[in-house]
Amino acid sequence: MTGLPTRALGALTVSAQGLGCMGMSHAYGSSDDARSIATIHRALDLGVTLFDTADYYGGGHNEELLGRALSGARRERAVIATKFGFANRLGEPPLIRGDAAYVRQACDASLRRLGVDHIDLYYQHRVDPDVPIEETVGAMAELVAAGKVRHLGLSEASARTIRRAHAVHPIAALQSEWSLWTRDLEAETAPACRELGIGIVPFSPLGRGFLTGRLTSVDALEENDMRRTQPRFADGNLERNLALVEAVRSLAAAKGVTAGQLALAWVQHRGDDVVPIPGTRREAYLVENLAAVTVELSAEDLAAIDAAAPADGFAGPRYDETSMSVVDR
């Protein structure tokens, strides 16, 4: 594999699959910077252009890591996406800020950590319920005018908020969770994005690794792995969800691909405006994920997948109550 097809996120052109870098610093246990940087370099060599991070991941470590990995000549080959909005420390209840002063402060801090003079795609990580979205996006638009940011994005925003934001400044992309086991945005949010010409960047398209079929118990996870506390991995829910993944695995085997590749291909087939960003720290899994770009699914295949893993089939909400309170608003 020497290249990847491209897709459009608004006016921004990127590879048809990106790389989510969060897990290199955050949420899934211990990390290894050298291995992570090697994976980023391999992704770039294989044609990935979209690399996703946020100021919240690892308390800034993830941005610094990505900046090191994409320094020098590699910077010109990469589209760097980062996010702002979580204004507190890791492990605390979410404090979201979208006021203009904070937007400017957060952008300057991200530019320093990344070691770049501009951010290609700048997202609001979560919508601040106490600040009008017009103020937040207005401040983000000023960053575009100043040359610090090229394109704007939102994350986990509702259809109504997306419309209001887009009226202030064009929004290139919405980043929200979308996978076989999380389809919340299909009813209202995705149609709104398509009406406005906004691309969709699904994060966790592999269900935090669950849809690969490799995770069958939380016992093997490190103590600080966030999946240990998520409802879908809890006793009772886990067993029901494993049965659905086994059904996906059977369909994948019949096509000669892995369960993860089939799940990723399903996301890729949601539309030409969809650019999933599966995350991994390992080169082998990176190569496996990228192969999903070329997996063709017929209408019959898609129907079989939906029957095996229906939208309402998975047990448990995707987050705990606190985390769910800051999405789709």
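Our structure is the block above this text.
In this report, the structure presented in the accompanying data block is examined. As the structure is a prediction and not an experimental result, all values here were calculated from the model.

1. A short note on the overall build of the chain
In terms of helices and strands, the chain carries 11 helices and 9 strands. Relative to the 2.2 N^0.38 estimate, which gives 20 Å for 329 residues, the radius of gyration of the chain is 19 Å and therefore close to what a compact globule would have. Overall size of the chain, expressed as C-alpha extent along the three principal axes, is 55 × 40 × 40 Å. Among the 329 residues that make up the chain, the fraction classed as buried is 58%. In the chain, 76% of the contacts between residues at least 6 apart in sequence involve partners at least 24 apart. A total accessible area of about 13,000 Å² is found for the chain, and carbon and sulfur atoms account for 50% of it. The distance from the centre of the 34 positive side-chain charges to the centre of the 43 negative ones in the chain is 3 Å.

2. Thoughts on the packing of helix H4 (residues 133–145) against helix H5 (residues 159–168)
Axis separation between H4 and H5 bottoms out at 9 Å; the angle between their running directions is 40°. One finds that H4 runs oblique with respect to H5. The interaxial crossing formed by H4 with H5 has right-handed handedness. Residues Ile133, Glu134, Val137 and Gly138 of H4 form the contact with H5, whose own contacting residues are Thr161, Arg164, Ala165 and Val168.

3. Description of the packing of aromatic side chains
All told, the structure shown has 6 aromatic pairs when counted by the stated rule. Aromatic side chains Trp181 and Phe233 sit 5.7 Å apart centroid to centroid with 80° between the ring planes, which places their arrangement in the edge-to-face category. In this pair, Trp181 sits in the loop between strand S8 (171–177) and helix H6 (189–196) while Phe233 sits in the loop between strand S9 (199–203) and helix H7 (237–255), placing the two residues 52 residues apart along the sequence. The class of Trp181 is buried, set by a relative accessible area of 4%. What makes Phe233 buried here is its relative accessible area of 3%. Put simply, the rings of Trp181, Phe210, Phe233 and Phe314 touch in pairs and so form one group of aromatic residues. Just above the ring of Tyr285 sits the side chain of Arg214; from NZ or CZ to the centre is 4.0 Å. When the ring centre of Trp181 is taken as reference, the NZ or CZ atom of Arg232 above it lies at 4.8 Å.

4. Description of the pairing of strand S2 (residues 12–15)
Note that strand S1 (residues 6–9) and S2 share 4 bridges and pair antiparallel. In the strand pairing of S2, Leu9 is matched with Leu12. Connecting the antiparallel pair S1 and S2 is a turn made up of 2 residues, with Gly10 showing a positive phi of about 60°.

Rules of the game
Residues numbered from 1 in each chain as written. Predicted model: local features only at pLDDT ≥ 70, side-chain atom pairs only at ≥ 80, totals over all residues. Heavy atoms only, no water. Helix = DSSP H or I, 4+ residues; strand = E, 2+ residues; numbered from the N terminus. Rg over C-alpha atoms; globule rule 2.2 N^0.38 Å. Buried < 20%, exposed > 50% of the residue type's maximum accessible area, 1.4 Å probe, protein only. Contact = heavy atoms within 4.5 Å. Areas by Shrake-Rupley, 256 points an atom, 1.4 Å probe, with all protein chains shown as cover. Lys, Arg positive; Asp, Glu negative; His and termini not counted. Charge placed at Lys NZ, Arg CZ, Asp CG, Glu CD. Axes fitted to C-alpha atoms, helices over the stretch in contact; angles between N-to-C directions. Parallel < 35°, antiparallel > 145°, perpendicular 65-115°, else oblique. Left-handed = near helix turned anticlockwise from the far one by under 90°. Phe/Tyr/Trp six-rings, centres within 6.5 Å; stacked < 30°, edge-to-face > 60°. Lys NZ or Arg CZ within 6 Å of the ring centre and 35° of its normal. Pairing = 2+ DSSP bridges.

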